[in-house]
Every structure is written in C-alpha cells, then in structure tokens.
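Residue-level listing of the chains:
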Amino acid sequence: MSKPVFVVTEQRDGLFRKVSFEALSEGRRIADSLGSPVVAIIVGSGVEALAETAGHYGADRALVADSDIFINYSAEGYTKTILKAIQQVDPEIVLIPASSMGKDLAPRLAARLDCGLAADCIALAVDNGRVLAKRTMYANKILADVQFNSTLGIASLRPNIFPAAQPDTSRKATVEPLKVDISQTDLKAVVKELISGAGEKIDISEANVIVAGGRGMKGPDQFKILEKLAAVLKGAVGASRSAVDSGWRQHADQVGQTGKTVAPDIYIACGISGAIQHLAGMSSSKCIVAINKDPDAPIFQRADYGIVGDLFEVVPKLTDELKKVVE
Amino acid sequence: MKILVCVKQVPDTETRIKIGSDKKSIDATDINWILNPYDEYAVEEAIQIKEKQGDTIVTVISVGPERSVSALRTAVAMGADEAILVKTDDDAYLDSLAVAKALVSVIKELEFDLILCGKQAVDDDNLQVGPMVAELLELPCVTFIADLKLENGKATAKREIEGGTMVIETSLPAVLTAEKGLNEPRYPALRGIMMAKRKPIDERQLQYIEPKIDVVSVEYPPTRKGGKIVGEGAEAVPELVKLLKEEAKVI
Ligand SMILES: Cc1cc2nc3c(=O)[nH]c(=O)nc-3n(C[C@H](O)[C@H](O)[C@H](O)COP(=O)(O)OP(=O)(O)OC[C@H]3O[C@@H](n4cnc5c(N)ncnc54)[C@H](O)[C@@H]3O)c2cc1C
Ligand SMILES: Nc1ncnc2c1ncn2[C@@H]1O[C@H](COP(=O)(O)O)[C@@H](O)[C@H]1O
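**Quick look at the overall build of chain A**
At step 1: Scanning chain A for helices and strands turns up nine helices and 17 strands.
At step 2: The C-alpha atoms of chain A give 21 Å as radius of gyration, which agrees with the globular expectation for 327 residues (20 Å, within 12%).
At step 3: For chain A, the spread of C-alpha atoms along the principal axes amounts to about 60 × 45 × 40 Å.
At step 4: Taken over 327 residues, chain A has a buried fraction of 62%.

Structure follows, in structure tokens:
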C-alpha cells in the first residue's frame, strides 16, 4: 500500500465548511488511484463529532485535535499541530483547501517540511504513482502542470472547483484524538476579535451563483436590484474594482486579479465591461451571462450568453422570470 | 525602526502573456515590467510608517534577474531608503521556497523590526513567499492585511476572511503581507524618480537553491466558444432563461 493522502479540513463553529467536503472527496479520489488510505485532520474546539462526517466523505482515519486553544484560529497553533500530525503519518501528499485559512497555513507547512507547495490547484492527477497538479498563473491566463521534486508534496485546492461527493453514511473512519500541547504563550499572533460580515451572507468565493455589478450600476443603492436577483438564485453579489473603489461595495466582494477568484455555476455580470483584470477572477465560472448596453464590451467575448441592453430594465425582468422557474 | 519590504518585478497586468519555446516558461520579450501591485501596498505602508514615526529606514529587497533593478528603483522613488538585489540568471527558475530561502539568507544579516510583503506576486500567483519567510525565521506572520496599526511594540492588523474580518495582534518583529485596500500607493514624484536613478543598489549573486516544485509544461486555457448574444433589452430575457434551463442546464 502506498503512503497516505493527508487532508487538512476546515471547520467554523463546529461545522465543516464546504471546502472540506471538496478536499476530502478529492483526497479519496487520489487515494484510490494511489491505492492508499485517506487520513483527515480536524482542528478546532468541540469538533469531535466531525470525525464521523469525515468518514462519510472518504476518510479512513480522522485525527482530531480538539482544544479550547483553537476557539479562535491561530496560524502558529494550527501549524504546529498539523505539522506534528503530518510528520507522524508520513503521507505521500497533503491536500488543503485554498481558503483564507489554507492559504495562510499551507506555505508555513511547506517551509517547515521543506517541501513543494502547488498553490490554488484546479486539478490533480496521478501519474506513475506520483501526484501531478494543474494550477493557474498570470491571473488565469496560463495553465501550468507542476510536479513535486520533494518526497512529500502539498497541494492547496481552489474552492468550488473540485466536486464534493455524495456522503456515504455506511463509511466509518477510525477516530484518533491528538494530544494538543500548545499554550497561549506559544502564540505570538492572536485573534483579538472576529468581526463577521453582514448576517448569513454567502462569501463570493463559495457561492454557486454570483450576480456582479460594475460601474454601470451608477451607485450603491442600485445594487438592491442585484441583491434581489441573487436572492432568487440563492447566490451572492460581487462587484468590479470600479464599484469597490467608488465605495459602493466592500473589497470582500471584489472579483478579479486584486479581488477574489471565483468559479460559480452561474456568473451574471451587470454593467461590467470585462477588463482583463476582472476576467482574471471569473473566467473559470461554468456559465457566464453578461448584461451590458455596449455591444462591443469585451465581457461579451467571454460570456456564454449576453443581452445587450439597459441593466435597469433587464435585471428586474430577469428576476421576475427566474422566480417563475425556480419556484 | 527598521522595515524590510520584499518586492518582485512582474509583467504589467495588461501584458499579453506568450508561452516560451520551451513550453515550460513564458516568453520574456515584449513585456512591460512593473513593481508587483501588492508590493506597492507594502512599500507604501512602510513609507507611511516612516513618515508618521520618523527615524525609520525602509529597505527593499528583491530576488530576480538584473532587470528587477527597475522595480527596486520604483520603490526607492516612492520613498524607500535602501535597495538590495539578490541577482539570479535571466532564465533561472526558482520556486517560492527557493525565493524565501534566498530572501532569508540576506535578511539574517540585517536588523529589522518588521518585514512587509505583498499577499501575492501576480505572475506565478503563488501566495507563499511571505509566510514561508516568516516560518524560516520563526517569526509570527499575519497574511492578507487590510489595515495596520503599530503601538507599544505590537502590530494590530485586520485580515479579511470568508464572510468577516479578523483583528489580529502580534508582537514584533513579524512578517505581514499586504492585501489591496491597505492604503493608496503614491505615484513617485519627479524628484524621487531622479534621486532613485542615482541610488546605488546593493547587488549580490544568488547561490543555487534546489526548487521543490517543477513546472512540467504550460498551456493556454481552453478558449470559451464565442459568446452568444441572446438579444436586446428586456424582451430577450425569456429566451435567456430558456437557454439557462435547457441548454446550459444551470437552473
Ligand atoms: C493592477 C490592476 C488590478 C486590477 N484588479 C481588478 C480586479 O481585481 N477586479 C476588477 O474588476 N478590476 C480590476 N482592475 C480594474 C480594471 O482594469 C477595470 O478598470 C475595471 O474592472 C472596470 O470596472 P467596470 O467594468 O465596472 O467599469 P467600466 O470599465 O467603466 O465598465 C462599465 C460598463 O458598464 C456598462 N454600462 C453602463 N451603464 C449601463 C447600463 N445602464 N446598463 C448596462 N450596462 C451599462 C458600460 O457599457 C461599461 O461596459 C485592476 C486594474 C489594475 C491596473
Ligand atoms: N523574487 C522575489 N523577490 C522578493 N520578494 C518576493 C519575490 N517573490 C515574491 N516575493 C514577495 O512575496 C510576495 C508573495 O509572492 P508569491 O508567493 O510569489 O505570490 C510578493 O508580493 C513579494 O512581497
């Protein structure tokens, strides 16, 4: 049997985040090609119950690091704990979601383990018993196949790209509690406060549907029509940099090279011209719809479907029509 | 206070990226090279700290080929005091860990209270070097900061996460990586540009470091088949909904 596939999961408030299901499912798929087991690690406070769910998604072993010290995320605490577990398990590859947590942790682990990190991957493959990773460079303008030069490799997985499997409730993981020997004094950087965004808002990096607005929205209040459209499709509202720089939307909602990379099933661009830096963030969306009054706007070249017209007429009509379909 | 800022020279975000003849790297001709946009935030933050506190030296460091000197000069023109280039061969391939090790080899000999990096270099989009430098130096690190306050030898930074913001306090020295929104980078003034031209750059040769990741091949992403204009105005909406349901099958 080959060396295990090690999956770092992510939870918040005792619940797995969607990226964890994606990473576990991909871990299972890779492990099946390698003929190796999946070992998952769960770090948090009050998270024992998650071990069972990890099993449903493909973990053979679930290592649980449960401690009050993990009530808040701490890069140093998480790194130390996960590092120790990786060294014990001696895996072939470590998979970790490329979420804001994963992007923070993965390079630290790689530096400590002196191994390669393929960041923000969009596909993994197994060739001759070795894992190959596909990732993007130059803001999605180039795809690169990379291989690890080190015996161990780490790959972080772009959210919303890897499909999450249907959970199999008959699968069981062996649960192994980990001893956590970290004290508050080990942590030089600590979370003082967690300011959560507006209510139950879905983050655009994880939304299945994004309705995005640009300078064509003319002002902050007009985004209400996008909120309505997004609500019908249970999606989130994104924005171009122009809209963010004008102060109409928060930076957290910005899509593009200096914003977030998103890959929803549906991306509806409203009053967005389609500048290269915007396309960089959304061109891997599965279906792109553009609404723009300028027929020559570059966004139409990337869109699967386009409507040339005034968004203030098209968007409310689209909201009404979609309501009929989804209800 | 002594602040180090790690900067990289990258292609302008408007540049058309062409794949090189080796099918592993990009064609470096006809590229307009700029200072990595996220590193501009890092440089700006360092200069603002200097302006606020006085008695501060800002040193910019880059690992890269000779042409990287112009990115260092941009940073000096903005207001950085000293510049160090760890010079590589023009076609040298370095992965992030190799870059981090190269930076650390220089940083180890310097005094510093704070290291600033960009969140990401917009060429390889690795998002790695900052936290790797921190880990190799065994320093705390806060990534993707959108706000920074220095007080009583501590730094308080805001870090955006999915659906919220973390407020993180860290002791110094620490490594911080800059997210967009941290500040508004200045345009270098003419005087700064003239001064930067004459600024001596401390150049050192890089010792070979083995990369842990190899790029096997690169390709262009599959082109999307040209967009279909469904129609004009609100009348086109029913047809669009039909296509989304029946052709794209996304609703
Ligand atoms: C280093 C760098 C990084 C960048 N990063 C990003 C990034 O992350 N994300 C990003 O988005 N941009 C980014 N940009 C900016 C980018 O170059 C563009 O300036 C920006 O995307 C334009 O935003 P926009 O499409 O909303 O505005 P515009 O380009 O002004 O387009 C507005 C569009 O709205 C249409 N319109 C106006 N009124 C209506 C109406 N009533 N109905 C329908 N359509 C209408 C117009 O026809 C036009 O096409 C970056 C730039 C640089 C240099
Ligand atoms: N060659 C380099 N020289 C100096 N700093 C670098 C270099 N590469 C990356 N960095 C720093 O690390 C940050 C993240 O880069 P990356 O990990 O390549 O996305 C950049 O914004 C820079 O601050």
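Still to come is the rest of the account.
**Observations concerning the site of ligand 2**
All names here are of chain B.
At step 1: Surrounding ligand 2, one finds 19 residues, the nearest of these being Cys-6, Asp-39, Val-63, Ala-121 and Gln-128.
At step 2: One nitrogen or oxygen atom from the main chain of Cys-6 is found 2.6 Å from an oxygen atom belonging to ligand 2.
At step 3: Between an oxygen atom of ligand 2 and a main-chain N or O atom of Gly-118, the distance comes to 2.8 Å.
At step 4: Contact with the protein chains hides 99% of the accessible area of ligand 2, taken as 480 Å² for the molecule alone.
At step 5: Residue contributions to the shell around ligand 2 peak at three residues, all from strand β4 (residues 57–64).

**Overview of helix α9 (residues 311–326) of chain A**
At step 1: Here α9 of chain A spans 21 Å end to end across 16 residues, near enough to the 22 Å set by a 1.5 Å rise per residue.
At step 2: Turning to α9 of chain A, its buried residues are Leu-311, Val-314, Val-315, Leu-318, Thr-319, Glu-321 and Leu-322 of chain A.
At step 3: Elements in contact with the buried residues of α9 of chain A: α5 (223–232), β15 (266–270), β16 (287–292) and β17 (305–308) of chain A together with α6 (237–247) of chain B.
At step 4: Two or three places before Phe-312 of chain A, at the start of α9 of chain A, stands the capping residue Asp-310 of chain A, its side-chain oxygen 2.9 Å from that residue's backbone nitrogen.

**Thoughts on the site of ligand 1**
At step 1: With respect to spatial proximity, 28 residues lie near ligand 1, and among them Arg-215, Ser-240, Thr-258, Ser-273 and Gln-277 of chain A are the closest.
At step 2: The site occupied by ligand 1 is bordered by residues of chains A and B.
At step 3: A distance of 2.9 Å is found between an oxygen atom of ligand 1 and a backbone nitrogen or oxygen belonging to Arg-241 of chain A.
At step 4: Note that an oxygen atom of ligand 1 is positioned 2.7 Å from one of the side-chain N or O atoms of Asn-292 of chain A.

**Here's the deal with the pairing of strand β5 (residues 61–66) of chain A**
All names here are of chain A.
At step 1: Relative to β5, strand β4 (residues 38–44) runs parallel, the two sharing six bridges. Its bridge partner lying in β5, Ile-41 is registered against Leu-63.
At step 2: Examined bridge by bridge, β5 and strand β11 (residues 174–177) share four bridges and lie parallel to one another. Bridge assignment links Val-64 to a residue of β11, and that residue is Pro-177.

**Thoughts on the sheet that holds strand β8 (residues 154–161) of chain B**
At step 1: One open sheet accounts for 10 strands, arranged β12(A)-β9(B)-β8(B)-β7(B)-β10(B)-β6(B)-β1(B)-β4(B)-β5(B)-β11(B); its pairing is mixed. Both outer strands of the open sheet, β12 (189–196) of chain A together with β11 (202–205) of chain B, are each paired with one neighbouring strand and no more. Each strand of the sheet is rotated relative to its neighbour by a mean of 30°, with strand direction disregarded.
At step 2: Strand contacts of helix α3 (residues 96–107) of chain B: β1 (2–6), β4, β5 (82–87), β6 (114–118) and β11 of chain B, with the helix running at about 140° to β4 of chain B, the strand carrying the most contacts.

**Some points on the confidence of the model for chain B**
At step 1: Overall, the prediction assigns chain B a mean pLDDT of 96, with 100% of residues at 70 or greater.
At step 2: Model confidence for the complex is summarised by a pTM of 0.93, with the ipTM given as 0.92.

**Here we look at the domain arrangement of chain A**
All names here are of chain A.
At step 1: Taken domain by domain, chain A consists of domain 1 (5–186) and domain 2 (204–326).
At step 2: Spacing between the C-alpha centres of domain 1 and domain 2 amounts to 32 Å.
At step 3: Among the residues of domain 1 in contact with domain 2, Ala-139, Asn-140 and Asn-160 are the three that bury the most area, contributing 48% of the side total.
At step 4: Glu-206 is the salt-bridge partner of Arg-17, the closest N and O atoms lying 2.2 Å from each other.
At step 5: For the pair domain 1 and domain 2, the interface holds four residue pairs in polar contact (both at pLDDT 80 or more).
At step 6: Residue composition of the side of domain 1 that touches domain 2, by class: four nonpolar, two polar and four charged.

Reading the values: rules and limits
- Residues numbered from 1 in each chain as written.
- Chains lettered and ligands numbered in written order.
- Predicted model: local features only at pLDDT ≥ 70, side-chain atom pairs only at ≥ 80, totals over all residues.
- Heavy atoms only, no water.
- Helix = DSSP H or I, 4+ residues; strand = E, 2+ residues; numbered from the N terminus.
- Rg over C-alpha atoms; globule rule 2.2 N^0.38 Å.
- Buried < 20%, exposed > 50% of the residue type's maximum accessible area, 1.4 Å probe, protein only.
- Near = heavy atom within 4 Å.
- Polar contact = N/O pair within 3.5 Å; in protein donor to acceptor, adjacent residues only side chain to side chain.
- Areas by Shrake-Rupley, 256 points an atom, 1.4 Å probe, with all protein chains shown as cover.
- Expected span 1.5 Å × (residues − 1).
- Contact = heavy atoms within 4.5 Å.
- Pairing = 2+ DSSP bridges.
- Axes fitted to C-alpha atoms, helices over the stretch in contact; angles between N-to-C directions.
- pLDDT = per-residue confidence, 0-100.
- Domains from an automatic or database assignment.
- Buried area = accessible area lost by both parts, 1.4 Å probe.
- Salt bridge = Lys/Arg side-chain N within 4 Å of Asp/Glu carboxyl O.
- Nonpolar A, V, L, I, M, F, W, Y, C, P; charged D, E, K, R; others polar.

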